[in-house]
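Secondary and tertiary structure notes
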Amino acid sequence: MTLSTDHDGQAVTLDLTGETSPYPFFEYMRHTDPVWHGRLGDTSQLPEELRPSDEWVLFGYDDVFQAFRDDRIFTSAAYDKTIGLVMGHTILAMGGKEHHDHRNLVAKAFRATALERWEPSVIGPVCDQLVDEIKSDGHADLVKAVTFEFPTRIISTLLGLPREDLDLFRRLSLGLISIQSDIVAGLNAATELHDYFLKQVEQRRRKITDDIIGDLVGAEIEGEKLTDEAIIAFLRLLLPAGLETTYRSSGNLLFLLLTHPEQLAMVYQDRSLIPTAIEEGLRFETPLTTVTRTTTQEVEIGGKTIPPDAQIGMCMGSANRDESRWTDPNRFDIRRPRQAHIAFAGGIHMCLGMHLARLETRVMLDSLFDRVTDLVFVPDDGTGEESKIVGLTFRSPNKLPVTFNPAA
Ligand code: HEM
């Protein structure tokens, strides 16, 4: 399925299945109609009442940045009517004081300094063990073996879930994040996760534990404890927010390094380049390309007037390739001068887990590079299916077949 738009007689096409890259379309829109009265997807399957009547997309960096900062006019309250149906009322849909209070409660656990203690005790051992499991095989699909698995194991440990529940947690997480393609499986997983997390919360109401669920059970806003439902909503949000994005961004970065072997060699040799490689990977292949906001009043942006109640696609994928901010933006280059990207959004909803995502990706790459050498991408793995980055809203490689040798 494709979307075509016509500017000055030239038709530009966007593949809505995500099989081909959306970046040429984004680039064209940045040049011709950066505040576009249109939609980046197919809403025909949505029930009538959920179908937005007026839709716009922002493609340029400055416009996306400005709209994220102006959260009174560009609100995220409409998430209650979409993902809220599955997750409950989460901080993602909150605004003003409610958002401030709830975010403050959970933010402590995700501060860079709070995470430091988890590197030697949880994150390092999880990553080392995962690579140890495959290092003598000589080959692997890194998506299956590593990129999905490491954030799942790390978040389940940080939440304090019992080790024996890992398979169940993995199955339910996969079910929940596949909701876009299989709504029934997604809803079933959401219900099972609700009951599962409720038991975990009840255990901690009886005896508090030193983990993220324990922190949430102990937390208070103006003397009031968080309700079970508020805690469960936050925990369920962590799966799409924390697992899906990280497994996709780390897969994208590995794909980009493997397909740019000279840059892979640089990072192998000089590990202090890993943080810059992570940022360039997030800029160049933004794992979540677009999020939405709704206007609360008429607003002028990029020289256009958008009416109230319009749904706005904030195209971070396009903003991250804006040529007014980056030279030669369609080139993946870990050596380019540092310039902040917008893959973690901005304003009050800027990603709460960005320090965790950066930390776990850095540690995962270090574990991999320490344990295997001669890492080579195998584009033709004999299955007939090309290995590439796919997707429109969420993007990541379908697979990452590689060969390697165990390090001495
Ligand atoms: C590379 C990985 C990640 C990317 C690209 C990413 C991206 C984002 C983006 C774009 C938003 C804003 C969504 C919106 O406003 O509509 C967001 C919010 C959020 N993210 Fe992340 N995320 C990542 C990793 C994580 C991790 C590891 C966690 C936690 C375990 C996490 C937890 C959250 C939460 C709780 C929010 C909501 C914050 C709020 O509403 O105040 N994210 N993330």
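Preceding block: the structure.
Procedures and definitions
- Residues numbered from 1 in each chain as written.
- Predicted model: local features only at pLDDT ≥ 70, side-chain atom pairs only at ≥ 80, totals over all residues.
- Heavy atoms only, no water.
- Helix = DSSP H or I, 4+ residues; strand = E, 2+ residues; numbered from the N terminus.
- Rg over C-alpha atoms; globule rule 2.2 N^0.38 Å.
- Buried < 20%, exposed > 50% of the residue type's maximum accessible area, 1.4 Å probe, protein only.
- Contact = heavy atoms within 4.5 Å.
- Areas by Shrake-Rupley, 256 points an atom, 1.4 Å probe, with all protein chains shown as cover.
- Lys, Arg positive; Asp, Glu negative; His and termini not counted.
- Charge placed at Lys NZ, Arg CZ, Asp CG, Glu CD.
- Pairing = 2+ DSSP bridges.
- Axes fitted to C-alpha atoms, helices over the stretch in contact; angles between N-to-C directions.
- Phe/Tyr/Trp six-rings, centres within 6.5 Å; stacked < 30°, edge-to-face > 60°.
- Lys NZ or Arg CZ within 6 Å of the ring centre and 35° of its normal.
- Donors = N, O, S within 2.8 Å, 3.2 Å for Na, K, Ca; no water.
- Core = buried A, V, L, I, M, F, W, Y, C linked by side-chain atoms within 4.5 Å.

Before going further, it helps to spend a moment on the overall build of the protein chain. A tally of regular secondary structure across the protein chain gives 16 helices and 16 strands. A compact globule built from 408 residues should have a C-alpha radius of gyration of about 22 Å, and the protein chain, at 21 Å, falls within 12% of that. Seen through its C-alpha atoms, the protein chain measures out along the principal axes to roughly 60 × 55 × 40 Å. Counting all 408 residues of the protein chain, 54% fall into the buried class. The long-range share in the protein chain, meaning contacts at least 24 apart out of those at least 6 apart in sequence, stands at 68%. Approximately 18500 Å² of the protein chain is accessible, and the part contributed by carbon and sulfur atoms is 52%. The averaged location of the 62 negative side-chain charges in the protein chain is 4 Å from the averaged location of its 41 positive side-chain charges.

This part covers unusual backbone geometry. For Glu222, which is not glycine, the phi torsion reads 45° and is therefore positive. Tracing the sequence through the fold places Glu222 in the loop between strand S7 (220-221) and strand S8 (224-225). The exposure class of Glu222 is exposed, given its relative accessible area of 66%. Of note in this structure, Ala345 is not a glycine but carries a positive phi near 65°. With respect to the element layout, Ala345 can be found in the loop between helix H15 (316-319) and helix H16 (354-371).

The five strands lie next to each other as S3-S4-S12-S9-S5, forming an open sheet whose pairing is mixed. The open sheet terminates on both sides in strands that have one partner only, identified here as strand S3 (35-36) and strand S5 (74-75). Note that S3 and strand S4 (residues 55-58) share two bridges and pair antiparallel. The partner of Val35 across the bridge, within S4, is Leu58. Contacting S3, S4, S5, strand S9 (290-295) and strand S12 (311-315), helix H2 (residues 61-69) crosses the sheet at an angle of about 125° to S12.

Our focus in this paragraph is the packing of aromatic side chains. According to the stated counting rule, one finds 13 aromatic pairs in the structure shown. Here the aromatic rings of Phe25 and Phe59 are separated by 6.4 Å at their centres, their planes lie at 70°, and the arrangement is edge-to-face. Within this pair, whereas Phe25 is found in helix H1 (residues 23-32), its partner Phe59 is found in the loop between S4 and H2, the two being separated by 34 residues in sequence. Here the two residues Phe25 and Phe59 agree in accessibility, since each one is buried. One aromatic cluster is present, built from ring pairs that chain together Tyr23, Phe25, Phe26, Trp36 and Phe59. Here Arg283 stacks its cationic end above the ring of Trp326, 5.5 Å away from the centre of that ring.

So, about the coordination of the iron atom of the ligand. In this structure, the iron atom of the ligand receives exactly one donor atom from the protein: Cys351 (SG), at 2.3 Å. Within the secondary structure, Cys351 sits in the loop between H15 and H16.

Sheet topology note: the strand S6 (residues 139-141)/strand S16 (residues 401-406) ladder contains three bridges and is antiparallel. Bridging across to S16, Ala140 finds its partner in Val402.

Looking now at the nonpolar core. In terms of nonpolar packing, the biggest core is built from 88 residues, with Leu159, Phe197 and Leu375 touching the most fellow members. When residues in this core are grouped by element, the largest group, 14 residues, is from helix H12 (residues 228-258). Excluding residues that lie within four positions of it along the chain, Phe197 makes contacts with Leu159, Leu161, Phe169, Ile232, Leu235 and Arg236. Judged by nonpolar contacts, the second largest core, of 25 residues, contains Val64, Ala67, Leu288 and Ala319.

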